[in-house]
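Listed below are the residues making up each chain.
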Amino acid sequence: MLRKLDTPSYQAYLVSYRLPWLPYSTSADVPASVQPVWMALGAGAWDAARRSAQASLAESRLFASTERAGLLAGLAVAELMSSRTDEARTAARRSLELYPAQWTARRILVEADARVRDYKACYRTISEHVPVDRPAAWDAPLVHADRCHALASFAWKLGKWEKVATHLEEAYPEGLAGMPDPIREDWFRLSLYRGLPDEATRAAASLIGNRPVTSADELLQTIVQGGWTDRALPLYRELHRSQPGHELVRRRLVALCIKEGQLDEARRIAASAPLRFAA
């Protein structure tokens, strides 16, 4: 069991991960009927965006399916931002029926479901999205890394550790070397949850060099408390080599050497200076 770590930087990054919000493109390629809706959304004028979308949708002229889908997607955003969640869901689903390849309406559904902590629905909605090479001009394509992070985040919230690992491996095919520190920390936690001490050790080894000693010790103590003292011992040796005068590290190393039967090493380290034990 992974104990709670109190240092804020150790809090799981994926737990608080949020998908980027919509950019509301107003490029020249966006249909004229959608432009004022997107401009109002960009300005945070939700009522104006709703009125503009509803007025255009009420016109009797024929719309291309992607244009009507854009108006409905804009309406869905305005409804959601006005806390009219049911209306937002309805508009988003109607938009998706007209243009299933889009991300915008799916983003609205993900946000609506996340607000009520329906993480299974969030995961499903993102999983069902298949990006296209040339999305509609008003749509905001989902970047591959954001897709992987979002799926990993919702899988984490659902306790689906193997799925989390799959999505992180997809995001970082080069492994630990390509992961930023917040993701490495989550990979460390994930390895413990999955009962993979060797993987946890590799993640810890990649993290401790960039931390203050007390922070590195807190990380390694999680491995010790998991019962994997044989994996923690070489990491404490490395930490002791880099910080030979640090009393806490020396005490930890002596204790681990004794536990692992390395008595000569324990005597040698203990003899290098008097050990001060906590009261």
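Residues numbered from 1 in each chain as written. Predicted model: local features only at pLDDT ≥ 70, side-chain atom pairs only at ≥ 80, totals over all residues. Heavy atoms only, no water.

## Quick word on helix α10 (residues 197-208)
Inference 1: Taking 1.5 Å per residue as the helical rise, α10 with its 12 residues ought to reach 16 Å, and the 16 Å between its terminal C-alpha atoms agrees with that figure.
Inference 2: Within the sequence span of α10, burial applies to P197, E199, A200, T201, A203, A204, L207 and I208.
Inference 3: Residues of α10 that are buried in the fold lie against α9 (181-193), α11 (213-225) and α12 (229-242). (Helix = DSSP H or I, 4+ residues; strand = E, 2+ residues; numbered from the N terminus. Expected span 1.5 Å × (residues − 1). Buried < 20%, exposed > 50% of the residue type's maximum accessible area, 1.4 Å probe, protein only. Contact = heavy atoms within 4.5 Å.)

## Observations concerning the side chain of S33
Inference 1: Residue placement: S33 occurs in the segment before α1 (35-42).
Inference 2: Exposure remark for S33: the relative accessible area of 9% places this residue in the buried category.
Inference 3: A polar atom in the side chain of S33 sits 2.5 Å from the side chain of E67. (Polar contact = N/O pair within 3.5 Å; in protein donor to acceptor, adjacent residues only side chain to side chain.)

## Concerning the packing of α12 against helix α13 (residues 247-259)
Inference 1: Their axes nearest at 9 Å, the elements α12 and α13 cross at an angle of 145°. The two elements α12 and α13 meet at a crossing, and its hand is left-handed. Contact residues: α12 offers T229, A232, L233, Y236, R237, L239 and H240, while α13 offers V249, R250, R252, L253, L256, C257 and K259.
Inference 2: Split into classes, the residues belonging to the contact of α12 with α13 amount to 8 nonpolar, 2 polar and 4 charged. (Axes fitted to C-alpha atoms, helices over the stretch in contact; angles between N-to-C directions. Left-handed = near helix turned anticlockwise from the far one by under 90°. Nonpolar A, V, L, I, M, F, W, Y, C, P; charged D, E, K, R; others polar.)

## Thoughts on the confidence of the model for the protein chain
Detailed reading of the predicted coordinates is not advisable wherever pLDDT falls low.
Inference 1: For the protein chain, per-residue confidence averages 91 on the pLDDT scale, and residues scoring 70 or more make up 94% of the total.
Inference 2: Contacts of residues 1-10 to residues separated by more than four positions or lying in other chains number 23 contacts, the stretch itself having pLDDT below 50. (pLDDT = per-residue confidence, 0-100.)

## Points about the nonpolar core
Inference 1: Among the nonpolar cores identified, the biggest contains 88 residues, and I126, W138, L168, F188 and Y236 are the most heavily contacted of them.
Inference 2: Top element by residues in this core is helix α3 (residues 65-81). It accounts for 9 residues.
Inference 3: Not counting residues within four places of it along the chain, the set of residues in contact with I126 comprises L19, W103, V110, L142, R147, A150, L151 and F154. (Core = buried A, V, L, I, M, F, W, Y, C linked by side-chain atoms within 4.5 Å.)

## Describing the packing of aromatic side chains
Inference 1: Under the defined criterion, the tally for this structure stands at 8 aromatic pairs.
Inference 2: With centroids separated by 6.4 Å and ring planes inclined at 85°, the aromatic side chains of Y24 and W38 adopt a geometry described as edge-to-face. Residue Y24 is found in the segment before α1, and its partner W38 is found in helix α1; the two are separated by 14 residues along the sequence. For the pair shown, Y24 and W38 are each scored as buried. (Phe/Tyr/Trp six-rings, centres within 6.5 Å; stacked < 30°, edge-to-face > 60°.)

## A few points about the packing of α1 against α3
Inference 1: Where α1 contacts α3, the axes come no closer than 9 Å and their chain directions differ by 20°. For the element pair α1 / α3, the angle class is roughly parallel. In terms of crossing hand, the pair formed by α1 and α3 is left-handed. From α1, V37, W38 and L41 reach across to α3, where they touch G70, L71, A73, G74, V77 and A78. (Parallel < 35°, antiparallel > 145°, perpendicular 65-115°, else oblique.)

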